[in-house]
Amino acid sequence: MTCSDRLVLRRPDDWHVHLRDGPMLEAVLFATARVFARAVVMPNLRPPITTVEAAQRYRQRIKNALTDGLVFTPLMTAYLTDDLDPEELERGFAEGVFAAAKLYPANATTNSAAGVSDLALIAPLLERMEAIDMPLLIHGEVTDPDVDVFDREAVFIERHLIPLRQRHPGLRIVLEHITTEQAVDYVASGDQRLAATITPHHLHLNRNAMFVGGLKSDFYCLPVVKRECHRRALVKAATSGLPCFFLGTDSAPHPRAGKESACGCAGIFNAMHAMESYAAVFDQEGALDRLEAFASEFGPRFYGLPLNTDTIALVRQPQTVPNQLTLPQGLVGELDSGEAPVFFHAGESLAWSVDLAAGD
Ligand code: NCD
Ligand code: ZN
């Protein structure tokens, strides 16, 4: 095997993931924790994580669900609501429980009904976060029914994000799971306090994926995948070597029945092959030498956290992605196998494989 067939990387982190709770958490945690050293865990549970105590308890449930030998640190987030107390947020951040806070515009996505109904209402929270340098993670879509679903991110930037950054110039912001060239341009032109995460699926898919040959709910996520020109802009951004763009999978598992219903859930479960999926894109762009910075360096630098010191290896060894989890130690756990989420890239061949045993 030549060195171009084997890539040793500093162990990556996932700066945006949905780990869920209960049997789903037990089923999917392995997929993230086997590769990623840390992950920023989204708080959109039912009920959402709005207190320090709830975050501590959720963190403990995640740790309890770790199977033997997995070394993984969950970084918890607070779910912002109209009436969350700034004291609670500050206390959670000061105690090292909250790594960041997540802004969901009310009803923008899965379990966001309790989200923020009007940004003016959370001005005191944002002021406090700015003062204590606590990162704000944003689901950047408007919910206005008059705005086309495909335009909701670009309109959010114009109507809400630009004014918000003018009001709070010191706030450290991550625009999560960006999907448009408008977002790429806006983030690239920002200062060091502005960054964005990019998912594997938005790098691979354009909106045809959802519709050609039949309606494919497996490719439905939010923000929804866009036109090819936007996908191209995202690929360029991710492989650019600019530190404002870093890895966040937005892996968002839903039970089969949730995806395949008359009102199907948004979310793609990509955690299991996320690094292989990113590697495919970087390889295609001739940018494999930039994968490590995107996956393992820019995120921790933005969050002010140390870089991981252990490594993983990616090897050029093709694998066919199975449909769904059939895990060691019955990792689907108590999930009925008919309910187990389907993998992103199911049935496809990926050129790279993670080799965990061969880090160094
Ligand atoms: C996420 C989920 O299912 O929790 N869904 C998704 O399509 N990305 C929520 C989110 O990040 O918007
Ligand atoms: Zn998400």
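The coordinates are above.
Note that the structure is predicted; figures quoted are calculated from it, not measured.

What counts and what doesn't
Residues numbered from 1 in each chain as written. Chains lettered and ligands numbered in written order. Predicted model: local features only at pLDDT ≥ 70, side-chain atom pairs only at ≥ 80, totals over all residues. Heavy atoms only, no water. Donors = N, O, S within 2.8 Å, 3.2 Å for Na, K, Ca; no water. Tetrahedral: all angles 85-135°; square planar, octahedral: opposite > 155°, others 65-115°. Helix = DSSP H or I, 4+ residues; strand = E, 2+ residues; numbered from the N terminus. Near = heavy atom within 4 Å. Polar contact = N/O pair within 3.5 Å; in protein donor to acceptor, adjacent residues only side chain to side chain. Areas by Shrake-Rupley, 256 points an atom, 1.4 Å probe, with all protein chains shown as cover. Nonpolar A, V, L, I, M, F, W, Y, C, P; charged D, E, K, R; others polar. Contact = heavy atoms within 4.5 Å. Axes fitted to C-alpha atoms, helices over the stretch in contact; angles between N-to-C directions. Parallel < 35°, antiparallel > 145°, perpendicular 65-115°, else oblique. Phe/Tyr/Trp six-rings, centres within 6.5 Å; stacked < 30°, edge-to-face > 60°. Buried < 20%, exposed > 50% of the residue type's maximum accessible area, 1.4 Å probe, protein only. Pairing = 2+ DSSP bridges. Right-handed = clockwise from strand over helix to strand, strands pointing away. Core = buried A, V, L, I, M, F, W, Y, C linked by side-chain atoms within 4.5 Å.

J.: Residues and numbers for the coordination of the zinc ion (ligand 2), please.
T.: Four donors placed tetrahedrally about a metal ideally form angles of 109.5 degrees, and six donors placed octahedrally ideally form angles of 90 or 180 degrees. Taken together, the protein ligands of the zinc ion (ligand 2) are His16 (NE2), His18 (NE2) and Asp250 (OD), with distances of 2.0 to 2.1 Å. Its 4 donor atoms give the zinc ion (ligand 2) angles of 92 to 143 degrees at the centre, a pattern that matches the irregular case. Between the donor residues of the zinc ion (ligand 2), the gaps in sequence give the motif H-x1-H-x231-D. Taken together, the positions of His16 in strand β2 (residues 14–17) and Asp250 in the loop between β9 (245–247) and α10 (256–259) put the pair 234 residues apart, joining distant regions of the chain.

J.: Let's hear about the site of ligand 1: which residues, and what values?
T.: Taken together, 15 residues surround ligand 1, and among them Arg20, Asn44, Thr109, Leu222 and Asp250 come closest. A distance of 2.6 Å separates an oxygen atom of ligand 1 from a polar side-chain atom of Thr109. Asp250 is positioned such that a nitrogen or oxygen atom in its side chain is 2.7 Å from a nitrogen atom of ligand 1. Contact with the protein chains covers 100% of the free accessible surface of ligand 1, which is 310 Å². Counted by class, the shell around ligand 1 contains 4 nonpolar, 9 polar and 2 charged residues.

J.: Provide a residue-level description of the side chain of Arg11, including the pertinent values.
T.: Secondary-structure assignment places Arg11 in the loop between β1 (6–10) and β2. When sequence neighbours within four positions are dropped, the list of residues in contact with Arg11 reads Ala33, Arg34, Val35, Phe36, Ala37, Val71, Ser296, Asn308, Asp310, Thr311 and Ile312.

J.: An account of the packing of helix α6 (residues 181–188) against helix α9 (residues 228–238) is needed here, citing residue identities and associated values.
T.: With their axes 8 Å apart at the nearest point, α6 and α9 run at an angle of 30 degrees to one another. By the angle between their directions, the pair α6 and α9 is classed as roughly parallel. For the pair formed by α6 and α9, the contact residues are Glu181, Gln182 and Val184 on the first element and Cys229, His230, Ala233, Leu234 and Ala237 on the second. Residues of the contact of α6 with α9, tallied by class, amount to 5 nonpolar, 2 polar and 1 charged.

J.: I'd like to hear about the packing of aromatic side chains, residue by residue, with values.
T.: Per the counting criterion, the structure on display carries 8 aromatic pairs. Ring geometry for Trp15 against Phe246: centres 6.4 Å apart, planes inclined by 80 degrees, an arrangement best described as edge-to-face. On the criterion of sequence distance, the pair formed by Trp15 in strand β2 and Phe246 in strand β9 is long-range, its members being 231 residues apart. We classify Trp15 as buried; its relative accessible area is 1%. Of the residues examined, Phe246 reaches a relative accessible area of 0% and is grouped as buried. Between the aromatic rings of Phe302 and Tyr303, the centroid separation amounts to 6.0 Å while the plane-to-plane angle is 75 degrees, which identifies the pairing as edge-to-face. As far as the burial class goes, Phe302 and Tyr303 line up, both buried.

J.: Account for the pairing of strand β5 (residues 98–103), with residues named and values stated.
T.: Burial of β5 is extensive: 6 of the 6 residues sit out of reach of the surface. Taken together, the 4 bridges between strand β4 (residues 73–79) and β5 define a ladder with parallel strand orientation. Residue Thr77 lies in a different strand from β5, and its bridge partner there is Ala100. Regarding topology, helix α3 (residues 86–94) serves as the crossover connection from β4 to the parallel β5, and that connection is right-handed. As paired strands, β5 and strand β6 (residues 136–138) are joined by 3 bridges and run parallel to one another. Of the residues in β6, the one forming a bridge with Lys102 is Leu137.

J.: How would you sum up the sheet that holds β5? Please name residues and give values.
T.: Spatially, 8 strands are ordered β2-β3-β4-β5-β6-β7-β8-β9 in an open sheet, and the strand pairing comes out parallel. In this open sheet, the two edge strands, each paired with only one partner strand, are β2 and β9. On average, each strand axis in the sheet is tilted by 30 degrees relative to the strand beside it, whichever way the strands run. As paired strands, strand β7 (residues 173–175) and strand β8 (residues 194–198) are joined by 3 bridges and run parallel to one another. Across the sheet, the residue bridging to Ile173 is Leu194, located in β8. Strands in contact with α6 are β7, β8 and β9; relative to β8, the strand with the most contacts, it is inclined by about 145 degrees. The sheet strands contacting helix α12 (residues 291–303) are β2, β3 (38–41), β5, β6, β7, β8 and β9, and the helix crosses β9 at an angle near 115 degrees.

J.: Explain the nonpolar core to me, and be specific about the residues and the numbers.
T.: Counting 94 residues, the largest nonpolar core has Leu80, Leu89, Leu136, Met275 and Leu291 as its most contacted members. Of all the elements, helix α1 (residues 22–33) adds the most residues to this core, at 8 residues. Counting 16 residues, the second-largest nonpolar core is a separate cluster that includes Trp15, Ala99, Phe246 and Phe298.

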